[in-house]
Amino acid sequence: MQGVNVKSEIGNLKKVILHRPGDELLNLTPNTLEELLFDDIPFLPVAQEEHDAFAKILRDEGVEVVYLEDLMAEVLDAKPELRKQFLDQWIYEAGIRTDMYHDIITDYIESNYPGNKEMVMKTMAGINLQELPQKDTHLLVDMVSDRCKLVCAPMPNLYFTRDPFAMIGNGVSINRMYSQTRNRETIYGDYIFKNHPDFVGTPEYYSRNDTFHIEGGDILNINEHVLAIGISQRTEPDAIDHIAHNIFNDETSPIDTILAFNIPVSRAFMHLDTVFTQIDRDKFTIHPGIMGPLTVFEITPDGKGGTKIRERNEDLESVLSEYVGEKVTLIPCGGGDRIAAEREQWNDGSNTLCVRPGTVVVYQRNNVTNDVLYKNGINCLVMPSAELSRGRGGPRCMSMPAWREAL
Ligand SMILES: NC(=[NH2+])NCCC[C@H](N)C(=O)O
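Residues numbered from 1 in each chain as written. Predicted model: local features only at pLDDT ≥ 70, side-chain atom pairs only at ≥ 80, totals over all residues. Heavy atoms only, no water.

- The chain is annotated in an unreviewed UniProt entry as Arginine deiminase from Adlercreutzia rubneri.
- According to its UniProt record, the chain has this under Sequence similarities (unreviewed entry): "Belongs to the arginine deiminase family."
- Per UniProt, the chain carries the Subcellular location (unreviewed entry) text "Cytoplasm". (UniProt positions renumbered as here; feature names shortened; annotations may be inferred.)

Shown next, in the form of structure tokens:
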């Protein structure tokens with residue numbers, strides 16, 4: 001299946017991009033957790049089993065599952081001349097600015113990871129000082145620094161494929177990320193969208209070199225015409241102004257309204273999809289904790305190449321019903337119990353992945369919320385979640401749909 005087609009959050013899912021967590025999780029240590037945006041260290045073999053169970057659920061539902069690492073390796077297999085350019089860029093963006101270290105790392109990778117896929121996986125995992133040959137250097141840094149120091153940091157958040165790039169209709173946003181640790185993740189998407197035969201030519205609404213940050217967890221396709229974007233810890237309002245301008249000026253895009261949801265800035269609510277996801281034609285799950293402070297702005301083209309903005313003061317249900325075109329029900333995470341809501345939101349109880357209207361993938365551990373979903377007629381496909389959830393993302397965060405059928 002070629003190209004991108006995502007014009008809703010719920011249309012029959014046909015193709016999705018995942019990343020199977022790899023050795024990058026082995027490079028998490030207690031004193032790097034905060035910087036790397038984790039709250040604990042997942043046990044890798046179990047995290048991988050859980051992730052494989054997720055992929056199997058999707059395949060059993062008829063979804064084509066493709067992996068980020070394979071797409072990137074396919075780009076390099078087809079265009080071998082890009083391998084050096086990619087490695088140079090990856091080394092530079094890892095913060096290596098001296099020729100000597102650039103050469104040591106290049107030699108190390110070229111001699112130990114000759115295949116493209118293994119090289120791609122290594123760039124994701126990161127490099128420790130102790131892996132590199134010492135004989136060449138004899139520098140002070142080698143004599144005194146901690147031998148476990150990471151020379152090239154790992155990218156442990158890659159299994160949240162939702163965030164570094166995001167499909168919008170038939171186009172894509174290659175994101176500029178909020179945190180330093182996640183900014184290198186977008187290199188892969190950039191190469192894939194510029195070079196992979198399945199994705200080349202996709203209209204690009206945002207570039208990783210743009211100034212303001214925006215992340216895919218904040219981007220929700222409500223329907224062909226309406227896009228919702230969270231203003232959050234991860235997405236700046238300036239980025240939304242910019243992407244709105246680009247989308248409205250693309251004649252091929254039917255999107256004529258962007259709803260900006262201003263959500264509180266906090267670790268627990270880092271993206272809009274941590275508090276709000278669509279699960280059926282007329283149903284959304286929502287974390288009750290955001291209902292009070294939420295404001296919604298409607299952005300539309302002004303007809304002169306710019307945009308106009310209107311603040312919507314009605315309650316969320318009426319605003320959504322208007323754009324969805326039918327009366328919407330909001331189903332609270334935790335079923336209205338405040339403690340259960342907070343506990344389960346922390347473990348992504350509102351972060352579901354819809355595979356078709358009324359059928360969603362959910363984490364097993366959010367049993368209170370899942371019960372409420374069942375009672376509302378939702379078919380929950382339950383996946384194991386003990387280790388994956390330690391990274392603070394659920395089934396929606398761990399998936400980037402590339403193709404959904406029309407509703
Ligand atoms: N779309 C999402 N909610 N993604 C969750 C990402 C979690 C990741 N640890 C981060 O902080 O960036």
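Section: the packing of aromatic side chains
No. 1: Enumeration according to the criterion identifies nine aromatic pairs in this entry.
No. 2: Ring centres 5.5 Å apart and planes at 90° place the aromatic pair Phe 86 and Tyr 191 in the edge-to-face group. A residue pair is termed long-range when its members are at least 10 positions apart, and Phe 86 in helix α3 (residues 82–93) and Tyr 191 in helix α8 (residues 186–195) qualify at 105 residues.
No. 3: Aromatic pair Phe 276 and Phe 284: ring centres 5.0 Å apart, planes at 5°, arrangement stacked. Residues Phe 276 and Phe 284 agree in their burial class; the two are buried.
No. 4: A cation over an aromatic ring shows up here: Arg 97 above the ring of Tyr 92, its NZ or CZ 3.7 Å from the ring centre. (Phe/Tyr/Trp six-rings, centres within 6.5 Å; stacked < 30°, edge-to-face > 60°. Helix = DSSP H or I, 4+ residues; strand = E, 2+ residues; numbered from the N terminus. Buried < 20%, exposed > 50% of the residue type's maximum accessible area, 1.4 Å probe, protein only. Lys NZ or Arg CZ within 6 Å of the ring centre and 35° of its normal.)

Points about the sheet that holds strand β11 (residues 276–280)
No. 1: Judged by pairing direction, the sheet is mixed, and its three strands sit side by side in the order β11-β12-β15 without closing on themselves. For this open sheet the edge positions go to β11 and β15 (329–332), each flanked by a neighbour on one side alone. Strand after strand, the sheet turns through a mean of 30° between neighbouring axes, direction not considered.
No. 2: Pairing geometry for β11 and strand β12 (residues 283–286), over four bridges, is antiparallel. Within β12, the residue paired with Thr 277 across the bridge is Thr 285.
No. 3: Sheet strands touched by helix α10 (residues 316–324): β11, β12 and β15. Its angle to β15, the strand with the most contacts, is close to 130°. (Pairing = 2+ DSSP bridges. Axes fitted to C-alpha atoms, helices over the stretch in contact; angles between N-to-C directions. Contact = heavy atoms within 4.5 Å.)

Focus: the pattern of salt bridges
No. 1: Tallied over the entire structure, the rule returns 27 salt bridges.
No. 2: The closest approach of N and O atoms between Arg 396 and Asp 273, which form a salt bridge, is 2.9 Å. With Arg 396 in the loop between β18 (379–383) and β19 (400–404) and Asp 273 in the loop between β10 (257–262) and β11, the pair connects residues that are 123 residues apart, well separated along the chain. Accessibility classification places Arg 396 together with Asp 273 in one group, the buried group.
No. 3: A salt bridge links Arg 338 to Glu 342, with the shortest nitrogen-to-oxygen separation between them at 3.4 Å. Remark: Glu 342 and Arg 338 occur in helix α11 (residues 338–346); sequence separation between them is four residues, near one turn of the helix. (Salt bridge = Lys/Arg side-chain N within 4 Å of Asp/Glu carboxyl O.)

A word on the side chain of Asn 366
No. 1: Within the fold, Asn 366 resides in the loop between β17 (359–363) and α12 (367–375).
No. 2: When its relative accessible area of 1% is taken as the criterion, Asn 366 is described as buried.
No. 3: Setting aside chain neighbours within four positions, we find Asn 366 in contact with Glu 344, Asn 347, Asp 348 and Gly 349.

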